[in-house]
Amino acid sequence: MALLSAFSLALGFLVMVAAMVLVWVLPPWRWFARLGSMFGALVLLTIGAGLGGRLDDGGASKADAKPHTATGPRADVAASPAAAEPVVAADFTGGQLDKAETQARSTGYATKHHDASDEARSIFTRAGWTVCFQKSDEAAKTIDFAAVKTDEPCPDRDGGPLPWPTMPDVVSDTYNVAVKDLKQSGIDLGRVTLDDVYLDIDTPSAESAAEDGDEWRVCFQSPDRGSRITSTTPVILDLGKWTKSDTVHHCPTTKDATYKSPAGDPDHGRGHAASGDNSPPPGRSTSDSGESSSSSGGGNHTTVHPGAYCSPHGATGFTDRGTRMVCGPGSDGRNRWHS
C-alpha cells in the first residue's frame, strides 16, 4: 500500500478502503484487531504519500535544471572560446630578429620581416639583424618585424635612411679632445685605429695614449671631415707626441718620412743630417767640400747621404763629394735625398 501510494495517492487510498472492507467482511476478527488494521493502513497511506511527494519534487528539479544548463546565456559565454581575450604581443624591439620570431611564434603569432632602412635589402641570416620596429595585429595573430643589421643604427622611422655618424675634424687636437669629439659624433672608439707619424716613435695603444692624452697630438686623420662612418669605414688617427722639454712641437709634413730625434736615424753620423739639423757632421765644415754657395736654410751647407730620408720637402744639401742634392719624393713616395 505504501509503495502504491508513493506513485499514486488515489490508487493507494482505494487499496486502503478495499482492505478495510475485507477486514470487516471476511472471517470474524476481534474488534481490536480490526481497529489496529485500519490504523496501520492509514499510516502506510501517509508514508506512501510522503515518498511520492519527494519523488515528484526531485524529478521536477532535474527537469528544470536541464534546460537552464543547456540554454542559459552565461553557460554559452563560458563555453565560447571567442569570448577569451586575445594574447597581446610582447615588445621585441632591440632584440635579435631570429629570437624575436621564435618567441612570437611560441605565443601563436605568425611572423614576417623586412629591412627597416630605405635600402630594401633582403634578410637571409636573421641572427645578424636587430629589431627596430614591430607592427602586430592581435585579432589576426600576426606580427611584422622591421630590422637592420646588428652593427647598424636604427632609422628614425620604418623605411627611413640609416643615420650614420660623420667624421669630425680632429687634426691638431690632443688625443683627449679628439676622443671626446668622436664620442659626441657617435663613432665607436673600438673601431678607431692609432698610428704614429715619426719613424722613431712607436704606435701607442689606446690605453697608453689616454694616459698621456694631452701629450699626443692628431697630425693626420682618415677619413676626412664630414665623411660618413659606416660599419665598414676604417677610422685612423696618426699621432705625434711631444712635451714641453722637446724641441719639436709640431707635426711633420708627411707621416713616416722623418725622425723626431736625429739620433734615431740609422744614418746619423754617416753623413746624413736629420730633419731640422742643418749643421755639417762633426769635424767637417762646408769649406771642406769646396763649395761657397749657401744652402736653402742659409749660412752653411748640409752634408747628406744620397737615398736617405729627408725633410722638409724641397730642402737642399751636398754630399761629402760636393754633389748638390734635393729633398723630394722617392720611388716609395717618401722624401729622400736625390740629385
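Structure shown above.
Note that the structure is a prediction, hence the values are computed from the model and not measured.

What counts, and at which threshold
- Residues numbered from 1 in each chain as written.
- Predicted model: local features only at pLDDT ≥ 70, side-chain atom pairs only at ≥ 80, totals over all residues.
- Heavy atoms only, no water.
- Helix = DSSP H or I, 4+ residues; strand = E, 2+ residues; numbered from the N terminus.
- Buried < 20%, exposed > 50% of the residue type's maximum accessible area, 1.4 Å probe, protein only.
- Contact = heavy atoms within 4.5 Å.
- Areas by Shrake-Rupley, 256 points an atom, 1.4 Å probe, with all protein chains shown as cover.
- Pairing = 2+ DSSP bridges.
- Axes fitted to C-alpha atoms, helices over the stretch in contact; angles between N-to-C directions.
- Phe/Tyr/Trp six-rings, centres within 6.5 Å; stacked < 30°, edge-to-face > 60°.
- Disulfide = S-S within 2.5 Å.

**Description of the overall build of the protein chain**
In terms of helices and strands, the protein chain carries seven helices and nine strands. Counting over 339 residues, the protein chain shows a buried share of 32%. Counting only contacts in the protein chain whose residues sit at least 6 apart along the sequence, the fraction spanning at least 24 positions is 53%. Accessible surface, the protein chain: about 20300 Å² in total, of which carbon and sulfur atoms supply 56%.

**Focus: the sheet that holds strand S7 (residues 316–318)**
Spatially, the three strands line up as an open sheet ordered S7-S8-S9, and their pairing is antiparallel. Only two strands of the sheet have a single partner each, and these edge strands are S7 and strand S9 (335–338). Averaged over all neighbouring strand pairs, the angle between strand axes comes to 35°, with direction disregarded. Judged from the three bridges that link them, S7 and strand S8 (residues 324–329) form a sheet pairing that is antiparallel. Residue pairing for S8: Thr 316 is matched across the bridge by Val 326.

**Describing the packing of aromatic side chains**
Inspection of every chain in the model, using the stated rule, returns one aromatic pair. Aromatic pair Phe 92 and Phe 145: ring centres 5.8 Å apart, planes at 80°, arrangement edge-to-face. Linking Phe 92 in the loop between helix H4 (73–79) and helix H5 (97–106) with Phe 145 in strand S3 (residues 142–149), this pair joins segments that are 53 residues apart in sequence. With relative accessibility at 11%, the residue Phe 92 sits in the buried group.

**A few points about the state of the cysteines**
Throughout the structure, instances matching the rule amount to two disulfides. The disulfide partner of Cys 132 is Cys 154, and the gap between their sulfur atoms is 2.0 Å. Looking along the S-S bond of the Cys 132-Cys 154 disulfide, the torsion reads about -85°, which is the left-handed sense. Of this pair, Cys 132 sits in strand S2 (residues 129–137) while Cys 154 sits in the loop between S3 and helix H6 (175–184); the two residues are 22 residues apart in sequence, bridging distant segments of the chain. For Cys 132, a relative accessible area of 10% translates into the label buried. Cys 154 gets classed as partly exposed once you look at its relative accessible area, which sits at 35%.

**Observations concerning unusual backbone geometry**
The omega torsion of the bond from Ser 222 to Pro 223 falls at 5°, within 30 degrees of zero and hence cis. One can find Pro 223 in the loop between strand S5 (216–222) and strand S6 (235–241). Not every positive phi belongs to a glycine, and Lys 141 is a case in point at roughly 60°. One non-glycine residue, Ser 172, lies in positive phi territory at about 80°. Take Ser 172: it is sitting in the loop between S3 and H6. The partly exposed category is assigned to Ser 172, whose relative accessible area is 46%.

In short, geometric facts, not functional conclusions.
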